[in-house]
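Given next are the chains, with one letter for each unit.
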Amino acid sequence: MAKSPKIQYVCSECGASYPKWAGQCADCGAWNSLQEQLPKAASAGGRFAGYAGDSPEAQIRRLSEVSAASAPRTRTGLSELDRVLGGGMVLGSVTLIGGDPGIGKSTLLIQAMALLASQMPALYVSGEESAEQISLRARRLGLQGEHLQLLTETCVERIIALAQRHQPKVLVLDSIQTFYTEALQSAPGSVAQVRESAARLVRFAKQTGTSLFLVGHVTKEGALAGPRVLEHMVDTVLYFEGESGSQFRLVRAIKNRFGAVNELGVFAMTDKGLREVSNPSAIFLSRHEQLVAGSAVLVTREGTRPLLVEVQALVDQSPLGNPRRVALGLEQNRLSMLLAVMHRHGGVGMFDQDVFINVVGGVRVTEPAADLSVLLAILSSFRDRPLPKELVTFGEIGLAGEVRPVPNGQDRLREAAKHGFQRAIVPQANAPKKPIAGLEVIAVRRIGEAIEAV
Ligand code: TYD
Ligand code: MG
């Protein structure tokens with residue numbers, strides 16, 4: 001029997017290593033910082049820092065000499081998934097799909113795999129559900145499971161041995177927190193196990209050119225044992241967003257070596273599984289029967305696609321000495337800043353008012369282009385006067401009260417026109433050179449002009 005490599009315990013703070021675990025690092029005094037680790041030579045993680053290390057004679061080449069054949073892609077058949085992946089699955093790539101438990105990760109992958117399996121050998125490994133459960137689900141989803149191979153197993157070494165024998169071109173592992181490698185003694189789901197198991201699987205995938213999907217639950221201590229610890233070793237990271245109460249599921253690319261980041265795929269969870277929503281703008285607009293105060297429509301941009309979303313604001317007399325500022329789907333600090341700018345440069349103060357902001361549909365808007373819409377929604381609620389009908393806005397607001405241009409203004413305006421909007425308030429520099437049919441564009445330089453325009 002081969003002697004198992006000796007396990008070390010390494011302090012995550014200072015890097016000191018010990019043969020035994022202890023609650024405190026004797027070197028730097030940090031508590032609970034010792035983590036199980038394999039000695040460098042035995043660990044898959046130690047050597048795969050650059051994949052070139054895998055080939056026996058690594059060599060230095062000129063960048064221009066490296067043949068740049070574009071990565072071959074395969075369409076999964078789910079167009080929204082293909083979109084977040086950057087136009088299809090890149091053969092041999094490693095993708096991490098994270099999200100809260102029950103949000104639809106397994107559903108998405110079993111649907112994609114059933115479609116892919118007709119094009120190439122595919123293997124779905126589950127450490128969570130029994131084969132019967134998976135088959136039951138697939139039948140309920142109306143999937144053809146003829147070609148898809150199934151395995152329920154949690155030991156990484158055995159999975160790799162089986163995969164070597166069956167040579168799938170696509171491999172799904174659901175979820176990484178349930179797998180363990182025999183090289184470590186700690187329980188599945190611990191940081192060391194998650195990291196080492198993933199490292200071994202990624203190494204296998206890169207050596208054999210297998211496309212790999214790793215599923216990771218975002219745990220309560222998300223940053224620690226969750227999928228975050230794997231982000232650096234995979235090519236693409238997708239996260240499920242959205243409220244679990246809502247029917248819509250958003251899949252966002254956080255990192256993508258083969259495509260745009262922040263690309264957003266939109267699905268609806270139905271009793272027949274996840275359905276693609278190809279015109280997502282429609283779901284983020286509530287289209288009120290009557291005009292209501294405190295609602296503004298924003299054209300944001302998620303990845304490469306402009307998206308219309310509704311920003312809602314509620315401004316109300318505060319009973320508290322310290323009025324509340326609550327932002328859902330937007331940055332809290334940004335809201336405070338906008339209120340300050342509105343006071344200094346717009347002449348409207350809200351010191352005794354609670355301000356609540358929400359983006360409809362559970363979408364998270366991170367770009368500053370939302371500033372102008374947020375500001376107008378707040379003002380509309382404060383004055384209790386609805387914004388004009390069929391109006392869209394976007395624009396970044398600076399501390400000096402100026403309205404700054406945002407990228408891809410033309411795209412955004414065209415999207416608005418496509419959805420029947422008739423007026424747009426936009427930064428001066430985003431005003432189109434050629435008029436857009438059916439859309440009246442009001443270009444503004446300062447927030448005062450924007451307030452006046454509405
Ligand atoms: P699942 O894919 O098991 O979540 P995860 O793998 O991310 O933990 O999704 C489970 C949820 O989706 C569950 O709450 C039930 C719901 N669901 C439907 O509404 N319709 C369906 O057809 C399926 C398969 C699941
Ligand atoms: Mg699952």
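It should be emphasised that the depicted structure is a prediction, and the values quoted were computed from it without experimental measurement. All residue numbers refer to position in the chain's written sequence, counted from 1. In the order they appear in the text, chains get letters beginning with A and ligands get numbers beginning with 1. Reporting in this predicted model follows two pLDDT cut-offs: at least 70 for local features of residues, and 80 or more for side-chain atom pairs to be given and counted; totals over whole chains, interfaces and linings ignore these cut-offs and use all residues. As a rule here, side-chain values cover all heavy atoms of the structure and leave hydrogens and water aside.

1. Details of the domain arrangement of the protein chain
Domain extents, as shown, originate in an automatic or database domain assignment. Domain annotation of the protein chain identifies domain 1 (1-41), domain 2 (73-278) and domain 3 (283-453). A separation of 31 Å is found between the C-alpha centroids of domain 1 and domain 2. Two residues qualify as a contact provided that any one of their heavy atoms is within 4.5 Å of a heavy atom in the partner residue. The partner domain 2 presents nine residues to the five residues of domain 1 that form the contact. Here domain 1 meets domain 2 over a buried area of about 550 Å², counting both sides, of which 53% is carbon and sulfur. Two parts placed together each lose some accessible area; with a 1.4 Å probe, that loss summed over both constitutes the buried area. When the buried area of domain 1 at its contact with domain 2 is split by residue, Gln-35, Glu-36 and Leu-38 rank highest and sum to 77% of it. By definition, a salt bridge exists where a carboxyl oxygen of Asp or Glu is found within 4 Å of a side-chain nitrogen of Lys or Arg. At the boundary of domain 1 with domain 2, the tally comes to zero salt bridges. N or O atoms within 3.5 Å of each other form a polar contact, as long as, within protein, one can give a hydrogen and the other can take it, and as long as residues adjacent in sequence are counted only when both atoms are side-chain atoms. Inspection of the domain 1/domain 2 interface yields two residue pairs in polar contact (both at pLDDT 80 or more). Classifying every residue of the side of domain 1 that touches domain 2 gives two nonpolar, two polar and one charged. Under the grouping applied here, Gly and all other residues not named as nonpolar or charged are polar, the nonpolar ones being Ala, Val, Leu, Ile, Met, Phe, Trp, Tyr, Cys and Pro and the charged ones Asp, Glu, Lys and Arg.

2. Description of the pairing of strand β18 (residues 353-359)
The element β18 is extensively covered by neighbouring structure, given that five of its seven residues are classed as buried. Where strand β16 (residues 305-317) meets β18, seven bridges bridge the pair, whose relative direction is antiparallel. Each residue of the ladder has a partner; that of Val-311, found in β18, is Val-359. Two strands are counted as paired when DSSP detects at least two bridges linking them. A run of DSSP states H or I qualifies as a helix once it reaches four residues; a run of E qualifies as a strand once it reaches two. Both are numbered from the N-terminal end. Strand direction decides the pairing type here: strand β17 (residues 325-328) and β18, joined by four bridges, are parallel. Within the sheet, the bridge partner assigned to Val-326 lies in β18 and is Phe-356. When the strands point away from the viewer and the path from the first strand over the helix to the second turns clockwise, the crossover is right-handed. The handedness of the β17 to β18 crossover, carried by helix α8 (residues 332-346), is left-handed. Burial status follows relative accessibility: with a 1.4 Å probe on protein chains alone, a residue under 20% of its type maximum counts as buried, one over 50% as exposed, and anything between as partly exposed.

3. Details of the packing of aromatic side chains
Here a pair means two rings of Phe, Tyr or Trp (six-membered ring of Trp) with centres within 6.5 Å. Their orientation is stacked below 30 degrees between planes, edge-to-face above 60, and tilted elsewhere. Going through the model one piece at a time under the given rule, you end up with zero aromatic pairs. Our definition puts a charge over a ring when NZ of Lys or CZ of Arg is within 6 Å of the ring centre and also within 35 degrees of the ring normal. Between Arg-412 and the ring centre of Phe-394, over which it is positioned, the NZ or CZ distance is 5.5 Å.

4. Structural notes on the sheet that holds strand β1 (residues 8-11)
Read from one edge to the other, the open sheet built from three strands follows the order β2-β1-β3, with strand pairing classed as antiparallel. The strands lining the two open edges of the sheet, one partner per strand, are β2 (17-18) and β3 (34-37). By the bridge criterion, four bridges tie β1 to β3 in an arrangement that is antiparallel. Bridge pairing in β3 places Cys-11 opposite Leu-34.

5. Points about the environment of Thr-366
Along the chain, Thr-366 falls in the loop between β18 and α9 (371-383). A C-alpha to C-alpha distance of 8.1 Å links Thr-366 and Gly-329, two positions 37 residues apart in sequence.

6. Looking at the side chain of Thr-95
In this fold, Thr-95 is placed in strand β6 (residues 94-99). The residues touching Thr-95, leaving out its near neighbours within four places in the chain, are Leu-85, Leu-212, Phe-213, Leu-214, Thr-236 and Leu-238.

7. Things to note about the nonpolar core
For soluble globular proteins, the rule of thumb is that nonpolar side chains tend to be buried together. Leu-330, Ile-357, Val-374 and Ile-378 are the most contacted members of the largest nonpolar core, which totals 59 residues. Considering each element in turn, this core owes the most residues, seven residues, to α9. Each of domain 2 (73-278) and domain 3 (283-453) gives at least three residues to this core. In contact with Ile-378, other than residues within four places in its own chain, are Ala-313, Val-315, Leu-335, Leu-339, Met-342, Met-350, Val-355 and Ile-357. To qualify as a nonpolar core, a set must consist of buried Ala, Val, Leu, Ile, Met, Phe, Trp, Tyr and Cys residues joined through side-chain atoms within 4.5 Å. Ile-97, Leu-109, Ile-134 and Val-172 belong to the second-largest nonpolar core, a separate cluster that totals 30 residues.

8. Details of the packing of α8 against α9
Note on method: axes are straight lines fitted to C-alpha atoms, helices fitted across the in-contact stretch only, with angles between N-to-C directions ranging 0 to 180 degrees. Viewed as axis vectors pointing N to C, α8 and α9 meet at an angle of 65°, and their least axial separation amounts to 10 Å. The angle between α8 and α9 places the two elements in the roughly perpendicular class. In this structure, α8 meets α9 at a crossing whose hand is right-handed. Together, Arg-334, Leu-335, Leu-338, Leu-339 and Met-342 of α8 and Asp-371, Val-374, Leu-375, Ile-378 and Leu-379 of α9 make up the contact between the two elements. Partitioned by chemical class, the residues of the contact of α8 with α9 number eight nonpolar, no polar and two charged. Each angle gets one of four labels, with under 35 degrees taken as roughly parallel, over 145 as roughly antiparallel, 65 to 115 as roughly perpendicular, and the rest as oblique. With the far helix as reference, a near helix turned anticlockwise by less than a right angle produces a left-handed crossing, and one turned clockwise produces a right-handed crossing.

9. Considering the sheet that holds β18
Across the sheet, seven strands lie side by side as β17-β18-β16-β15-β19-β22-β23; this open sheet has mixed pairing. Taken across any chain shown, the strands that pair with only one partner, and hence form the sheet edges, are β17 and β23 (440-444). Averaged over all pairs of adjacent strands, the angle between strand axes in this sheet comes to 25°, irrespective of strand direction. Bridge count for strand β19 (residues 391-393) against strand β22 (residues 423-427) is three bridges, and the pairing is parallel. Bridge pairing in β22 places Val-392 opposite Ala-424.

10. Focus: the packing of helix α5 (residues 156-166) against helix α6 (residues 191-208)
Any two packed helices are characterised by the angle at which their axes cross and by the distance between the axes. α6 packs onto α5 with a crossing angle of 10° between their chain directions and a minimal axis gap of 10 Å. Between α5 and α6, the crossing angle belongs to the class labelled roughly parallel. Note on element contacts: α6 touches α5 through Ser-197, Arg-200, Leu-201 and Phe-204, opposite Val-156, Glu-157, Ile-160, Ala-163 and Gln-164.

11. A short note on the site of ligand 1
Within the structure, ligand 1 sits among 17 residues, and Gly-102, Lys-105, Ser-106, Thr-107 and Thr-270 are positioned closest to it. Ser-106 is positioned with one of its side-chain polar atoms (N or O) 2.5 Å from an oxygen atom of ligand 1. For ligand 1, a nitrogen atom lies 2.8 Å from a polar atom in the backbone of Thr-270. Per-residue and other accessible areas were derived by the Shrake-Rupley procedure at a 1.4 Å probe size, with only the shown protein chains allowed to occlude residues. Contact with the protein chains hides 74% of the accessible area of ligand 1, taken as 560 Å² for the molecule alone. If you tally residues by element for the shell around ligand 1, the top one is helix α3 (residues 105-116), at three residues. Residue classes in the shell around ligand 1 are distributed as four nonpolar, seven polar and six charged. Definition of nearness: a residue and a molecule or strand are near each other if at least one heavy atom of the residue lies within 4 Å of the molecule or strand.

12. A word on the pairing of strand β12 (residues 248-256)
On any regular strand, side chains alternate: one points to one face of the sheet, the next to the other face. Strand direction decides the pairing type here: strand β11 (residues 236-241) and β12, joined by six bridges, are antiparallel. Opposite Tyr-239, over in β12, you have Arg-252 as the bridge partner. Bridge count between β12 and strand β13 (residues 264-270): five bridges; the pairing is antiparallel. Residue pairing across strands places Val-251 opposite Gly-265, the latter belonging to β13.

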